[in-house]
Structures are given as C-alpha cells and as structure tokens.
Amino acid sequence: MKTLKDYIDKLNSLNFKNMYNNDFFLTWEKSDDELEAVFTVADALRYMRERNISTKVFESGLGISLFRDNSTRTRFSFASACNLLGLEVQDLDEGKSQVAHGETVRETANMISFMADVIGIRDDMYIGKGNAYMHQVVDAVKQGNADGVLEQRPTLVNLQCDIDHPTQCMADMLHIIHEFGGIENLKGKKVAMSWAYSPSYGKPLSVPQGVIGLMTRFGMDVVLAHPEGYDVMPEVEEVAKANAERSGGSFTKTNSMAEAFKDADVVYPKSWAPFAAMEKRTNLYGEGDMDGIAALEKELLAQNAEHKDWCCTEELMATTKDGKAIYLHCLPADINNVSCKDGEVEASVFDRYRTPLYKEASYKPYVIAAMIFLSKFEDPQDILKKLEERGAKRIFE
Amino acid sequence: MKTLKDYIDKLNSLNFKNMYNNDFFLTWEKSDDELEAVFTVADALRYMRERNISTKVFESGLGISLFRDNSTRTRFSFASACNLLGLEVQDLDEGKSQVAHGETVRETANMISFMADVIGIRDDMYIGKGNAYMHQVVDAVKQGNADGVLEQRPTLVNLQCDIDHPTQCMADMLHIIHEFGGIENLKGKKVAMSWAYSPSYGKPLSVPQGVIGLMTRFGMDVVLAHPEGYDVMPEVEEVAKANAERSGGSFTKTNSMAEAFKDADVVYPKSWAPFAAMEKRTNLYGEGDMDGIAALEKELLAQNAEHKDWCCTEELMATTKDGKAIYLHCLPADINNVSCKDGEVEASVFDRYRTPLYKEASYKPYVIAAMIFLSKFEDPQDILKKLEERGAKRIFE
Amino acid sequence: MKTLKDYIDKLNSLNFKNMYNNDFFLTWEKSDDELEAVFTVADALRYMRERNISTKVFESGLGISLFRDNSTRTRFSFASACNLLGLEVQDLDEGKSQVAHGETVRETANMISFMADVIGIRDDMYIGKGNAYMHQVVDAVKQGNADGVLEQRPTLVNLQCDIDHPTQCMADMLHIIHEFGGIENLKGKKVAMSWAYSPSYGKPLSVPQGVIGLMTRFGMDVVLAHPEGYDVMPEVEEVAKANAERSGGSFTKTNSMAEAFKDADVVYPKSWAPFAAMEKRTNLYGEGDMDGIAALEKELLAQNAEHKDWCCTEELMATTKDGKAIYLHCLPADINNVSCKDGEVEASVFDRYRTPLYKEASYKPYVIAAMIFLSKFEDPQDILKKLEERGAKRIFE
C-alpha cells in the first residue's frame, strides 16, 4: 500500500459498522471484517505518523488505565496510543484511591469517567474474573451515559483478561501479516503455539488462548502443544475449532513440541500455567487460603521442572519450514543463561529474532489506537481523509 | 438557558472581579455573586463540551495536584478539569520526592511551580493544618511570582481541607440548583445535614462544615443534626448562623435525625468524627503518641456504635417533603448490607437515588474548571464568546 | 537582548550542528558553541513564554522519565520542559513494570520508546553505573531506530548520573551568566566549589563534578575545596584542568574553605560523599554485603562529623568579593537550625539568597527544553522564527 487512499479503499470494502460506539473484549466476538478494519486503521495511523501527519483527533479527553498486574509494554503502548490520538492518560491506581472502601464497580466506573473517552484494563490474574470485571465496567458506563451522568460513552479496550489478550495477539498477527505480505497469504501456514519451560509459575493463559482463538481465523493450521496437564480453557479450544472449520484451516493438539515445530511457518513458544491450577488458585484466593496457595505454588514449580526439555532450541528451530519459521513472543521471554538458567528459548535463537520481535511489539500502540479510532468514529474513512487534508504536522516544521 | 449568550449575560450581571488572579479556599470567603459566577461558568463549560466545542484555553501549562489522603473522584475530577482547559496534571507524590528531607513549604511550592498555572491540594486529615498549609503554599508562590522566580502566579484550588470541601459542596449545590430549576428557587427549602452511623471512624468534617457554610447562603433553612458530642468546628457554625441571617434563611441544630428529616427538601446523611476528637487526634499525632491514637480510635468506634440508629432509612425518607427529598452524598456511602452491615443508608434508598447521586458528582469537574477559569481570565465572558467563535472541535469531525 | 531576532542572530554565530539528533550526557563532551547554543535557546524559549507565545512543537509524542532516585525539582523541571514543547511525560516506574523480571536494558529501552521523542534518566547512586546505563539505553534506541523498530530516535537527557549533573550545572551557569550580564563577563571570576558539612551521608558527587567540569570552561578561576579524603573522581579533575588550560582560567584545589571563599565571586558550598567511599559502597551493594554497607555508613557519618566547621557562615561570606559573592546551591540545602542542627549554611545567609537561589532553579526547565529542542531540529533558528510567526498563544486571549 502506498497512499492513504489505499487504506481508505480497503476500509470501504469492509463491514465494521458494529464497531462504532462499541468495545473490544475478545477477538472472537468480532467478525473477520472487523479485525481487518483494525489492522487497516493501525497501518494507516502508522503510515501517517511516519509521514509526520498528526492524527490527533481529540482536543481534550482522558484515557483511563487500570492495571491490576505489573506492566511495561502494554502500559506504554496504551499511553502511546492515547497520546497519538490526543487523549491524556490518567491511571487509576487502586492503591491511591478509595476503591477499597467497599464502593461498587458501577460507582467507581462512573466516577472516573466524566471525561473519559477510553478505558483500558488489564486484569488477568484470576480465572473467571478479569473479563467479567470489564463487562461490569462497560455496563456501568453505558448506563451512566444513558442516564445523562456521562456526556460520552467511554470505550473499553481489553488490555489482557483471563481469557484473551487481544491487543497482544492482534499485534502478533499484524506482524505476521506484514511478514507474509498480506492477510490473504496466511492460508495454509502452520502455526505452533507451544508451551515452554519457565522457572516461574502462574504465567497467564491469555496469550496462548488469544493466539489459538485468533490465528485459526484466517485459514491457518494452528497446533497447540503442551505437556500433559497444561490445558488451556476448554471454551477457547472450542472457539479455535469452530474458527478453523469456518476458515478452512485446522486446529490440532499435541503433547510433543517437536511435532508442533515440524515444518511450522510460525512458532510461539511460551510458558503458561495449567488452566485447572489457575482455577484452583483463584478459589484458594477466594477462600483466603494462603497455605493452600503456597502448597500449590510449590507443586506447580515441581511440575514445571519436569518439562525443562520444552525449550525453543536451535535444533528445534532447524526443523521448522526451511529452518526459518517466524519466532513470536509477547516478551519478556525467559532466555537460557540470560534471564534464567533454563528457560523458554536458547539465547542464540532469541538473539537472531530480536529485531523482528521488537517490530512485532511495535504494532501494539497502533492496534490499540485503531480499536479506539474505530469505536469513536462512525465514518473512519472520512476522518482519515480529513486528517490528511488538515495536514497538521506531528513535529513542527 | 439555551445559548452560550445566556450564560454570558448572566455573568455580565454579576460582580466577580476579585476572583481574577485569586484562589479558592473557602466558600464563605466568596461573595454570592462570585459563587454564582462559578456555577454559571461551570454550566457554560458543560454546555460547550456537550456541543463538542473545545474549551482548551491553555496550549501548555501544568496543573499540580497534591493529595495527602487517598482520593478517586476528586483526583479524577481535578484531572478532568485540567484536561478540559488544556493543562497537564503533574502529581506531587511526596513519597517519590525529596520533600521529606526537611525542605520548607515555601521552597517546594516554588520548585514545582515554574510552569504551574494551578495547584490543587487535598489536605484534610488534621484539624488546624490543611487550610493553613494551603495558605503557606499560596503565599510562597505569590512571593515567587512577585520576585520574578515564577513567570505566572499559580492559582490554588482547595480540593478539601480541614475546614471546607468547596469543590464538593459547590457540586452538590449546583446539582440542587438544577433539580429546583434555578438558584432563585432555593429560598425556603429545608436542608437536613445529618450525621449518620459508619463502622469506620475519623471521617473528615469538611463536608458537613462545607454544607452548612454554603447552603445557608441562599435563603435555605439548614438543620444540622448529630448525636450529642459530634459537634463540628464552632467557627463554622458561626459562619452558618451569619449566612442565614444575611440570606433570610435559618440555621438550627438538633440531636434528632427524625426532626431534621421531617419535611426536608434535601437530606445529606453522612458520617463524620467529632471535632473535639479530631483535634485530640491531631495533637496525639503531633506528640507521636501512637498508643494514645490507638486508644482514641477504640473509644471513637465504641462511641459510634452507640448510634447505629442514625441511618437514612426508608421510614425516615418517607417523612421528608412529599416523601421525595433530594438525597445527597459525596460518595462513597456506607450502604447497609452492601459495603458494611450497618451504615449510613439503606440499600433501597441508595439505589433509588443512584443516578441523581452520580449526576451530583458529575458537576465537580466543571466546578473545578470554572474556579480555574475565573481566576485566569479577567474577562471570562469575552473568552467564552471567543471560544465559541473559534469553534474548535473537542472531537475531530 | 530585546527581540527574538537577537537570540536567532546569536545562534547563527555558533556551530552546533552535531547536537542535531544527538544526546546530552556530559557537558565536557560538548563544545563551547554547543553549550552557548543551549543557553541561547533556553533564553529564547523563556522570552517567548513570558510573551505568551506557544512553543509547542510536538502535536503528540512522549517524554519518558526514569528516576532511580527520589526527585522533586528535576522531576518537575523535566515535566515542565516536555509540556512546554508539547510532549506528554510517561514515567517508567520500575516498581510497576516487569523490568525486574530479568529483561535486558536493550529490550526495555525499545519497548517504552515506540512513540518516545525524549528519554530523561536520573541514575546517580552507584559509581560507574549511571552514565554507563544511559549509554546502554541510547545504544539500544539508536539500534532500534536503525532497525525500523522505532520510527523516531529518542534523545537522551542526562538528568543526573554518577559523573555529571548537566541540567543542574547548566542552570547554575545560566543564572550566573545573567547575574554577570553575559557569558563574556565570566572571565577571571573566582568560583569556590566547596564541600560543606551535612548530617546525612552519601550525597552524590555529580554536582561538584559537574560544576568543576563546566565552570572551568569560560575562563573562570575555579577552586575545589574539601577536607582531606573527600576527593571527587580523578577523571573529572583532569577534565577541569584541561578546560582551565584551554579557556585561560584556572583550576586549583585546597583543603581550606576559607581560602576558597577568599575574594570569590561565586560560592557553591555543598556536601558530598568521598569518591572512594562511594566506589566502596557500590562494590558492597554489588556483593550484597549489607553489614558492610551499615558499617560504611557509620564510618562516613563519623568522618563527616569531624568537619562541622565546614559551613557557609556569615563570617565566611564576608570574606568573598565585596562580601557579596553569588551563593549557589542545587537545593534543598541543609540549613543550620532549620533542616538540621548543623548543616551546609547558616540560616541568615540562606535567607538572604533565597530569591536568587529560586531563580537559579527556574532555569532548569528551560535548559532541559533547549537540550531537547537542539536535538530535534536541524535548523532551530528557523523553527524559532516560525513559532513567532505562527503566534499561537500559550494562554488563550
């Protein structure tokens, strides 16, 4: 694509009218056209930024962020996306707030949203909680807007929940779209979403779930590989199966990393915790059973340690398509002898893919900005055109 | 009011010239005209935002916030107000700063204000301290501006002190002005500012004090109700008395919640700590007497527990004017069987008033923005007119 | 200087082409012309702000800050500088991030920089670490930009490292340039950079090092005074010597505060820790030797206590040039009987210089903004001219 008009033409061919004034929870709640609209707007915003054209569409307005887990890259991606569009980030730091005093989600959601155009939430720690919480927030602000409490209806962007990590997986996807030269070239490509060993435990399931829930969309052959017992949420496997059937691809499972990597075009070796264990942990937290949690941690670390051979080695990489599969990771990775003794990937593999990995990450701010953009404008094609005509410079010249 | 001109005409009828280049500490330091100017500008700013007209009057500049107590809604209200006008919030987090190293208030105030147009402070915990601290800050930055250290003179907005909570009470007031259809309709209305039971202790006095100090201004009949021993600052009661006398309303006290609620047009049931106890606590902190503080806490909780019957029940609400008094609260409220077993209000009462309560809160960002606006512009009418003429859109279209 | 043209003419006479797309680590890595360019742009930006001319050159973009030590004034100075130019500050709070999980500096630097135009870092605690870390960050983002990961190349501003504190010392210097009526009047002025007693220990060396490394540039006679054993980094003393030789000034050392103050035009009495002790402490931290650190602290406090007579007294001030030397300090100062019993300066001295000290500090936001400006624009003269022509108002009127 060479001109902004190409992106606009592409958008004209897609049906994404339901994204207007809507939220982004899970990729599989969106149509293929809607996902393509996100990719297209993301590319268009990047195109403009690279040409020093300001895409500031808000003169004022807040982007509220709520991170219930530590975050660097998603935090900065959200901040970058908001800033690119003209929104100022205001972080809801629950420690500094009165939220703990027993007020309801509905109340807090309204109280922080009087001038909020976007709310970005990461809440990925407890099975059955994060996504549900986001829905509570959205229901509250929609009601608030309907009641005349809020002048605008803030859009939710799911910055990672217990089920999906849509901004991450959409960025991963946009990266491989660019690597393969277009979304139409994904058909028939083999993707290995594989568990890998990490010395830490309890890593979220949202990335593998998000990957199998998204990459099965475009005719790809997705293999989910993990040691026995490291299952992901069964509901998401069902989503992946249905996607594959619809898109003409496939979704299979294996307990062999080697089998998954064999002839793969894309590999995504990454640690996660067994779904059942995370569910158990959620219940233990609910019961305040700290001894139980400590025991579970010990048990899970021991279980992990039995699978140190699940590592993305040079040897394994050599078995992929032409020995040159695209290596994906949401970062940070556990790198052998760098961040830990034994980890998810050998240092030489990681090093060879460092630059593409960083590029992969670089799509996230644009993906988030595109999600916001598509929610806020009924006719985004028109807005893109007008922004180009306006010709305001990002950096003065 | 239908057009911006109506708000401008209203402002033309008021004398608020002393607000220019000035601060907002306590409502009773302002004239009636000045308070009306705040309400009018708040409504005008909201009018413009609802019509997608940008009210960004600062191309750059900082709004400094200093919260010495946890805060969600005031924090976000201040951030929203600053953002609406174009100021970027920079939070002075005393934990991350070197303030503790023994530097003076005067020095810190200047060091953070080189590009500050506004300073918002919450400091409500210790009797005799918060308001005094704000004055120290203002004296320092006025001096700094006079000395050529600061190019501009930052405006202080009191975000809650030991004496008053002006942004809260002005928002409460603007809400009832809208509910009653105009400030001129307040005369003769009965307001019950009543203590209510809470299982926590040490809640600030600034809300009840702010309410009796403000609502006695416009001819209303204000009743302050609390159990014996839960007195507020006597100086503020004097203010309320003088206000009532001047405005043709009344200020009375009772130890009966039922008496206060009887035929009330507005009820504000809310817990607070006895003034004398808070003064004692301030002294104990000054002496570093931690045992004394623990003993005081125990004593106050026991004292509170004797008054669990001070609750805003359906039964009590039925005794108000037509059984339909406006129920006010600064939020979050202690709701029976929701946030605690016994609290300030029954759940069914709270639920019925939820939407108006949220609307009440929604005025706060505009009230803060109006206070800033009136301090920064000598002729705000002219600026409002020019903003409409400029016609910049808040959201691009 | 009276018009913006005067500043532009000054810039036209200087060679600072290497500052474009470059970083600011140490003042002695910059040429005299480059330093003068910073002073000139700082004055020009202040000139415009005082005349309500917006210098917003970024429509969007982030200024990343990373403070590895507490900070008030540098934090607010950086925020002010970014805001003045249109950048939004995003703080990398390492506690809230995943940085601790073992990811590399290279990775973090890229992950936070997708839309970063500037990175400001304070990392001054450990000898041999802070400046090296900043270089790692810069190498990473330069590589990221070259690799197409980052669309722009973020500029580093050293907000204090183990070697230099360039934004502080440049602000100090700009203050004395104004006091003496021009950079050309500095020749032959005597500057006493003197150790002074403080009841705390481990104060950074970057200020005295920065001062002797900068003030020896313009023909001044710089005397470094400290008790035996309180040496600064020998490499920086070599820099000072070479500077003095080249500029026609001098750099001398003494163990007598009185000798340093005698006939001085400028005095800078300030505590710091001995270089060798800080090096030792760095090693102890590296070894995790907490007992060793505690013992060292005790030893250093005892050593400090032997030099309580190193205080900037009225008596000493009387011995300076006409008894009226300019008194400099980076603030906050340890003031006798104010912030501590015995400290760096007598209260009456400090009070007399309070306003000029605050003015000294007021230059820092402009110095930082100038460093950013000179890195971002190849022809800053042209940009300044166009900003004046654009005539956008900082505050609407």
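Being a predicted model, the structure only gives us computed values, none of them experimental. Throughout, residues of each chain are indexed from 1 in the direction in which the sequence is written. All chains are assigned letters beginning at A, and all ligands numbers beginning at 1, according to the order in which they are written. Only residues with pLDDT of at least 70 are given local features in this predicted model, and only at 80 or more are side-chain atom pairs given and counted; all residues enter the totals for whole chains, interfaces and linings. Excluding hydrogens and water, the side-chain figures rest on all heavy atoms present in the structure.

Novice: Looking at this structure, how should I read the overall build of chain A?
Specialist: What counts as a helix is a DSSP run of H or I of at least four residues, what counts as a strand is a run of E of at least two, and both are numbered from the N terminus. Across its full length, chain A carries 16 helices and 9 strands. The atom set for the radius of gyration is the C-alpha atoms, and the globule formula is 2.2 Å times the number of residues raised to the power 0.38. In summary, chain A has a C-alpha radius of gyration of 21 Å against a globular reference of 21 Å for 397 residues, a match within 12%. When each of the 397 residues of chain A is scored for burial, the buried share is 65%. A contact between two residues is defined here by any heavy atoms of the two lying within 4.5 Å. For chain A, the proportion of contacts with a sequence separation of at least 24, taken over those separated by at least 6, is 82%. By the counting rule applied here, Lys and Arg register as positive and Asp and Glu as negative, while His and the ends of each chain are not counted. We put the charge of a Lys on NZ, of an Arg on CZ, of an Asp on CG and of a Glu on CD. Separation of charge centres in chain A, based on 45 positive and 62 negative side chains, amounts to 5 Å. Each residue is assigned to one of three classes by its accessible area relative to the maximum for its type, calculated with a 1.4 Å probe on protein chains only: buried under 20%, partly exposed between the two thresholds, exposed over 50%.

Novice: Help me understand the relation of the copies chain B and chain A in this model?
Specialist: A rotation about an axis combined with a shift along that same axis relates the two copies of the chain. The operation relating chain B to chain A is a screw motion whose rotation component is 120°, with 0.0 Å of axial translation and a residual RMSD of 0.0 Å. As the rotation angle and translation indicate, the two copies are arranged about a three-fold axis. Closest approach to the rotation axis within chain B is made by the C-alpha atom of glutamate 88 of chain B, at a distance of 4.6 Å. When the copies are superposed, the least-squares fit takes in the C-alpha atoms of residues with a pLDDT of at least 70 in both.

Novice: It is not clear to me how the environment of isoleucine 212 of chain A should be interpreted in this structure. Could you clarify?
Specialist: Residues and elements named next belong to chain A. Note that isoleucine 212 resides in helix α7 (residues 206-215). Owing to a relative accessible area of 0%, isoleucine 212 belongs among the buried residues under this scheme. For isoleucine 212 and isoleucine 163, which are 49 residues apart along the polypeptide, the C-alpha to C-alpha distance reads 11 Å. The contacts of isoleucine 212, once residues within four sequence positions are left out, are Met193, Val222, Leu224, Val232, Val236, Glu237, Ala240, Asn243 and Phe251.

Novice: Even after reading the chapter, I still don't get the packing of helix α6 (residues 166-180) of chain B against helix α14 (residues 354-362) of chain B, so can you show me in this structure?
Specialist: Axis angle and axis distance: for two packed helices, these are the angle between their axes and the distance between the axes, and together they describe the pair. All names here are of chain B. Between α6 and α14, whose axes approach to 7 Å, the crossing angle comes to 125°. The orientation of α6 with respect to α14, classified from their angle, is oblique. For α6 against α14, the interelement crossing comes out right-handed. Here Gln168, Ala171, Asp172 and His175 of α6 come into contact with α14, specifically with Pro356, Lys359 and Glu360. Under this grouping Gly is polar, as are all residues other than the nonpolar Ala, Val, Leu, Ile, Met, Phe, Trp, Tyr, Cys and Pro and the charged Asp, Glu, Lys and Arg. Considering only residue class, the contact of α6 with α14 consists of 2 nonpolar, 2 polar and 3 charged. Axis lines are fitted through C-alpha atoms, for helices just across the contact stretch, and the angle between N-to-C directions can take any value from 0 to 180 degrees. Reported orientations rely on four angle classes, namely roughly parallel under 35 degrees, roughly antiparallel over 145, roughly perpendicular from 65 to 115, and oblique for the rest. Rotating anticlockwise by less than a right angle from the far helix to the near helix defines a left-handed crossing, while the corresponding clockwise rotation defines a right-handed one.

Novice: What's the story with the interface of chain B and chain A in this structure? I'm lost.
Specialist: Interface extent is often summarised as the accessible area lost during association of the parts. Each partner contributes to the interface: chain B provides 39 residues, whereas chain A provides 39 residues. Buried area: the accessible surface (1.4 Å probe) lost by two parts on joining, summed over both. Between chain B and chain A, roughly 3,700 Å² of surface is buried when both sides are summed, and carbon and sulfur atoms account for 54% of that area. Among the residues of chain B in contact with chain A, Phe76, Tyr358 and Phe396 of chain B are the three that bury the most area, contributing 21% of the side total. Salt bridges are defined by distance alone: a side-chain nitrogen of Lys or Arg within 4 Å of a carboxyl oxygen of Asp or Glu. Our count for the contact surface shared by chain B and chain A stands at 4 salt bridges. Here arginine 73 of chain B and glutamate 107 of chain A are joined by a salt bridge, their closest N and O atoms 3.5 Å apart. Put simply, the parts of the chain that give the side of chain B that touches chain A at least two residues each are α2 (32-50), α3 (73-85), β2 (88-91), α14 and α15 (364-376) of chain B. Among the elements that line the side of chain B that touches chain A, the one with the most residues is α3 of chain B, at 7 residues.

Novice: Would you explain the sheet that holds strand β4 (residues 155-161) of chain C in this entry?
Specialist: Two pairing modes exist for strands in a sheet, parallel and antiparallel, and in both the strands are linked by backbone hydrogen bonds. Residue and element names in this part refer to chain C. Across the sheet, 4 strands lie side by side as β2-β1-β3-β4; this open sheet has parallel pairing. Both outer strands of the open sheet, β2 (88-91) and β4, are each paired with one neighbouring strand and no more. Going across the sheet, the axis of each strand differs from the next one's by a mean of 20°, ignoring polarity. If DSSP finds at least two bridges between two strands, the strands pair. Relative to strand β3 (residues 116-123), strand β1 (residues 62-67) runs parallel, the two sharing 6 bridges. Bridging across to β3, leucine 66 finds its partner in isoleucine 121. Of the strands in this sheet, β1, β2, β3 and β4 are in contact with helix α3 (residues 73-85), which crosses β1 at around 170°.

Novice: How should I be thinking about the relation of the copies chain A and chain C in this particular structure?
Specialist: Once chain A has been moved 0.0 Å along the axis and rotated by 120°, it coincides with chain C to within an RMSD of 0.0 Å. Little of the interface of chain A is mirrored in chain C, where only 8% of its interface residues are also at the interface.

Novice: Where do I start with helix α2 (residues 32-50) of chain C in this structure?
Specialist: Residues and elements named next belong to chain C. For α2, which comprises 19 residues, the first-to-last C-alpha distance of 27 Å matches the rise-based estimate of 27 Å (1.5 Å per residue) to within 8%. With 16 of its 19 residues buried, α2 lies for the most part within the structure. In the stretch just after α2, asparagine 52 is the one whose phi turns positive, near 60°. Under the convention used throughout, the expected extent of a helix is 1.5 Å for every residue step, that is, one less than its residue count.

Novice: Which parts of the structure should I look at to understand the pairing of strand β3 (residues 116-123) of chain B?
Specialist: All names here are of chain B. Burial within β3 is extensive, with 8 of its 8 residues counted as buried. Pairing geometry for β3 and strand β4 (residues 155-161), over 5 bridges, is parallel. Counted as the bridge partner of isoleucine 119 is leucine 156 from β4. Since β3 and β4 lie parallel, the crossover through helix α5 (residues 130-146) that links them has a hand, and here it is right-handed. Throughout, right-handed denotes a crossover for which the path from the first strand over the helix to the second runs clockwise when the strands point away from the viewer.

Novice: What is the right way to look at the packing of aromatic side chains in this model?
Specialist: For any two aromatic rings, the description comes down to two numbers: the centre-to-centre distance and the angle of the planes. Two aromatic rings from Phe, Tyr or Trp, using only the six-membered ring of Trp, form a pair when their centres are within 6.5 Å; if the ring planes differ by under 30 degrees the pair is stacked, by over 60 it is edge-to-face, and anything between is tilted. What the rule picks out here adds up to 21 aromatic pairs over all chains. For the ring pair phenylalanine 373 of chain B and phenylalanine 377 of chain B, a centre distance of 5.0 Å and an interplane angle of 55° mean the geometry is tilted. Under the relative-accessibility criterion, phenylalanine 373 of chain B is labelled buried at 0%. Site record: aromatic cluster; members linked through ring pairs are Trp195, Tyr230 and Trp310 of chain A.

Novice: Just checking my understanding: could you explain the environment of tryptophan 272 of chain C for this structure?
Specialist: All names here are of chain C. Looking at the element boundaries, tryptophan 272 is found in the loop between β8 (266-270) and α10 (275-287). Along the backbone, tryptophan 272 and leucine 174 are 98 residues apart, and their C-alpha atoms lie at a distance of 23 Å. Counted as a polar contact is a pair of N or O atoms within 3.5 Å, where, for protein atoms, one must be capable of donating a hydrogen and the other of accepting one, and residues adjacent in sequence contribute only when both atoms are in side chains. Of the polar contacts made by the side chain of tryptophan 272, one reaches the backbone oxygen of tyrosine 230; its length is 2.9 Å.

Novice: Would you explain the interface of chain A and chain C in this entry?
Specialist: Taken residue by residue, the interface counts 39 residues in chain A and 39 residues in chain C. Regarding the contact of chain A and chain C, the summed buried area is about 3,700 Å², with carbon and sulfur atoms giving 54% of it. With a closest N to O distance of 3.6 Å, glutamate 151 of chain C and arginine 49 of chain A form a salt bridge. Counting across the interface, chain A meets chain C through 13 residue pairs in polar contact (both at pLDDT 80 or more). Sorting the residues of the side of chain A that touches chain C by element identifies α2 (32-50), α3 (73-85), β2 (88-91), α14 (354-362) and α15 (364-376) of chain A as the ones contributing at least two each. Residues belonging to the side of chain A that touches chain C are distributed by class as follows: 15 nonpolar, 9 polar and 15 charged.

Novice: Just to check I follow, could you spell out unusual backbone geometry for this structure?
Specialist: Note on backbone geometry: most residues besides glycine have negative phi, and most peptide bonds are trans. Residues and elements named next belong to chain B. Cis peptide bonds are those with omega within 30 degrees of zero, and the linkage from leucine 331 to proline 332 qualifies with -5°. By the element assignment, proline 332 lies in the loop between β9 (326-327) and α13 (347-352). With a phi close to 60°, asparagine 21 is a non-glycine residue in the positive phi region. Along the chain, the position of asparagine 21 falls in the loop between α1 (4-12) and α2. Exposure remark for asparagine 21: the relative accessible area of 38% places this residue in the partly exposed category.

Novice: What should I look at first to understand the state of the cysteines in this one?
Specialist: A disulfide bridge is the covalent bond that connects two cysteines by way of their sulfur atoms. All names here are of chain A. What counts as a disulfide here is a pair of cysteine sulfur atoms lying within 2.5 Å. This structure, assessed with the given rule, holds 0 disulfides over all chains. Cysteine cysteine 169 shares no disulfide, and the gap to the nearest cysteine sulfur, in cysteine 330, comes to 8.4 Å. According to the relative accessible area criterion, cysteine 169 is buried, its value standing at 0%.

Novice: Would you explain the sheet that holds β3 of chain B in this entry?
Specialist: All names here are of chain B. Pairing is parallel across the open sheet formed by 4 strands, whose spatial order is β2-β1-β3-β4. Whereas interior strands pair on both sides, the edge strands pair on one side only; in this sheet they are β2 and β4. Strand-to-strand twist in this sheet, taken as the mean axis angle between neighbours without regard to direction, amounts to 20°. Relative to the sheet, α3 contacts β1 (62-67), β2, β3 and β4, its axis offset from that of β1 by approximately 170°.

Novice: Help me out: how do you make sense of the pairing of strand β7 (residues 250-254) of chain C in this one?
Specialist: Note on strand geometry: in a regular strand, side chains alternate between the two faces of the sheet. Here strand β6 (residues 221-225) of chain C pairs with β7 of chain C via 5 bridges, running parallel. Paired with valine 223 of chain C across the two strands is threonine 252 of chain C, which belongs to β7 of chain C.

Novice: Whenever I open this one, the side chain of asparagine 83 of chain C confuses me. Can you help?
Specialist: Of note, asparagine 83 of chain C is situated in helix α3. Residue classification places asparagine 83 of chain C among the buried positions, given a relative accessible area of 6%. If near-sequence neighbours (up to four positions away) are discounted, asparagine 83 of chain C is found in contact with Ser60, Gly61, Leu62 and Glu88 of chain B.

Novice: In this structure, what is going on with the packing of α6 of chain B against α15 of chain B? I would like to understand it.
Specialist: All names here are of chain B. In the contact formed by α6 and α15, the axes pass within 8 Å of each other and the chain directions differ by 115°. Two packed elements cross with a definite hand, and for α6 against α15 that hand is right-handed. Mapping the contact onto sequence places Pro166, Thr167, Gln168, Met170, Ala171 and Leu174 in α6 and Lys364, Val367, Ile368 and Met371 in α15. Among the residues making up the contact of α6 with α15, the classes are represented as 7 nonpolar, 2 polar and 1 charged.

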